[in-house]
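Architecture and fold: a report
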Amino acid sequence: MAQSGKRPPIWVTVAFDFHSNPTLRKILVYSVLAGLYTAFLDYLENYVLHVDFKPPSVVFSLMGTVLGLLLVFRTNTAYDRWWSGRILLSDLTNNARNFTVKIGSYLSADTDSELRVFFAKMIANHAYAMKENLRAGIRWDEIEEVTPEITKRLHECYHVPNEIVRIMNEKLAELYRTKKISDTQLWELTKHTDVASDINGSCERIRTSPVPFSYNLHLKRFIVFFAMIVPFGFIHELDYWSVLIVSLIIYALAGLDAISEEIEDPFGQDENDLPIDRICRMIRTNVKTLLKVK
């Protein structure tokens, strides 16, 4: 026998958690409007006009099939962008760790402490700068100062993540000239700065190449047209029960479109976007721990 006071399964909690999810609240509005429209049609046809307008069932089948294909493409495209972004952030994390491990093994903890601090700050700064660059701005309170000269360069440059990579490459070249690292070690380390730039560019490609507006507009119009005609398939047989059925149908269709729209730009701050802030904090912690700096 189940114990009293047992917490409900998490899916039950989420299913009724409308008040804290803005996407669900927006979808609920569409669903309610569809229900009110259905109730109006039901009253108008059955109790005022006394007509029996019911399109052939093949109309709903064809429209449902077409709408399903459009939503599948929309959802798959949005999720592919979200998943591609997640892979890139994973690559960013792994690249930062590998870069840090090699720096830590090439530079002495006793005699090169300043250099270890430099790279610890700059590697993490690149992640934070990339994060905010994808959000069309830089939060300078998240960028740790290395030297006043570097801070000045970052404030004056056009693209902060690329400038950070450039500064790290200049430091690596200086280490090579002073023979602190060999040519092989220089080659190994510059591979990681190249990867950091590539990841940043790939993330920018996702952010600056949204799903074409005309496709989004066409899909939304089709959902509206479907919502306008689908009540005629239920109101004569189910009467006011058709309000619930149509509301659930529109909730499902509008929900897929709204969720796809939210995750197609995965680097923002919406509830379903990627946890890029947490990933940046993890990178900063890992880098400082591996290089044994504060």
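Keep in mind it's a predicted model, so treat the numbers as computed, not measured.

1. Some thoughts on the packing of aromatic side chains
All chains considered together, the criterion is met by five aromatic pairs. For the pair Phe73 and Tyr215, a centre-to-centre distance of 5.1 Å together with 65° between the ring planes defines the contact as edge-to-face. A residue pair is termed long-range when its members are at least 10 positions apart, and Phe73 in helix α3 (residues 57-106) and Tyr215 in helix α8 (residues 213-229) qualify at 142 residues. Between the aromatic rings of Phe99 and Phe119, the centroid separation amounts to 6.1 Å while the plane-to-plane angle is 70°, which identifies the pairing as edge-to-face. Residue Phe99 is located in helix α3, and its partner Phe119 is located in helix α4 (residues 113-133); the two are separated by 20 residues in the primary sequence. Lying over the aromatic face of Phe118, Lys171 brings its terminal NZ or CZ to 5.0 Å of the ring centre.

2. Side note on a nonpolar patch on the surface
Taken together, Leu28, Val29, Tyr30, Val32, Leu33 and Leu36 make up a surface patch of nonpolar side chains, about 540 Å² in accessible area. Topologically, Tyr30 is positioned in helix α2 (residues 22-49). Among the residues examined, Tyr30 registers a relative accessible area of 41% and is labelled partly exposed.

3. Section: the nonpolar core
Residues Leu89, Phe99, Ile103, Phe119, Leu172 and Phe267 are the most contacted members of the largest nonpolar core, which totals 43 residues. Within the residue set of this core, elements represented by two or more residues are α3, α4, α5 (148-156), α6 (160-177), α7 (183-207) and α11 (276-291). Counting residues per element, this core draws most heavily on α4, which supplies ten residues. Here Phe267 is in contact with Gly85, Leu89, Leu134, Arg135, Cys203, Ile206, Arg207, Leu274 and Ile276, once residues within four sequence places are set aside. Core analysis: the second largest hydrophobic core is formed by 17 residues, Leu67, Leu70, Leu219 and Ile223 among them.

4. Details of the confidence of the model for the protein chain
When pLDDT drops low, the exact placement of atoms in the prediction is not to be read closely. On average, residues of the protein chain score 84 in pLDDT, and 91% of them are at 70 or above. When pLDDT is averaged over each helix and strand of the protein chain, the minimum, 57, is found for helix α1 (residues 10-15) and the maximum, 93, for α6.

5. Remarks on α8
Helical geometry: 3.6 residues make up each α-helical turn, so side chains three or four residues apart lie on a common side. The end-to-end C-alpha separation of α8 is 25 Å, in line with the 24 Å expected for 17 residues at 1.5 Å each. Among the residues making up α8, those that are buried are Tyr215, Asn216, Leu219, Phe222, Ile223, Phe226 and Ala227. Here the buried residues of α8 occupy an arc of 135° about the axis, which is enough to place them on one side. Within α8, the exposed residues directed more than 90 degrees away from the buried face are Phe213, Ser214 and Phe225.

Definitions and limits used
- Residues numbered from 1 in each chain as written.
- Predicted model: local features only at pLDDT ≥ 70, side-chain atom pairs only at ≥ 80, totals over all residues.
- Heavy atoms only, no water.
- Phe/Tyr/Trp six-rings, centres within 6.5 Å; stacked < 30°, edge-to-face > 60°.
- Helix = DSSP H or I, 4+ residues; strand = E, 2+ residues; numbered from the N terminus.
- Lys NZ or Arg CZ within 6 Å of the ring centre and 35° of its normal.
- Patch = residues over 30% accessible without salt bridge, like charges linked within 9 Å, V, L, I, M, F, W, Y side chains within 5 Å.
- Areas by Shrake-Rupley, 256 points an atom, 1.4 Å probe, with all protein chains shown as cover.
- Salt bridge = Lys/Arg side-chain N within 4 Å of Asp/Glu carboxyl O.
- Buried < 20%, exposed > 50% of the residue type's maximum accessible area, 1.4 Å probe, protein only.
- Core = buried A, V, L, I, M, F, W, Y, C linked by side-chain atoms within 4.5 Å.
- Contact = heavy atoms within 4.5 Å.
- pLDDT = per-residue confidence, 0-100.
- Expected span 1.5 Å × (residues − 1).
- Arc of directions from axis to C-beta.

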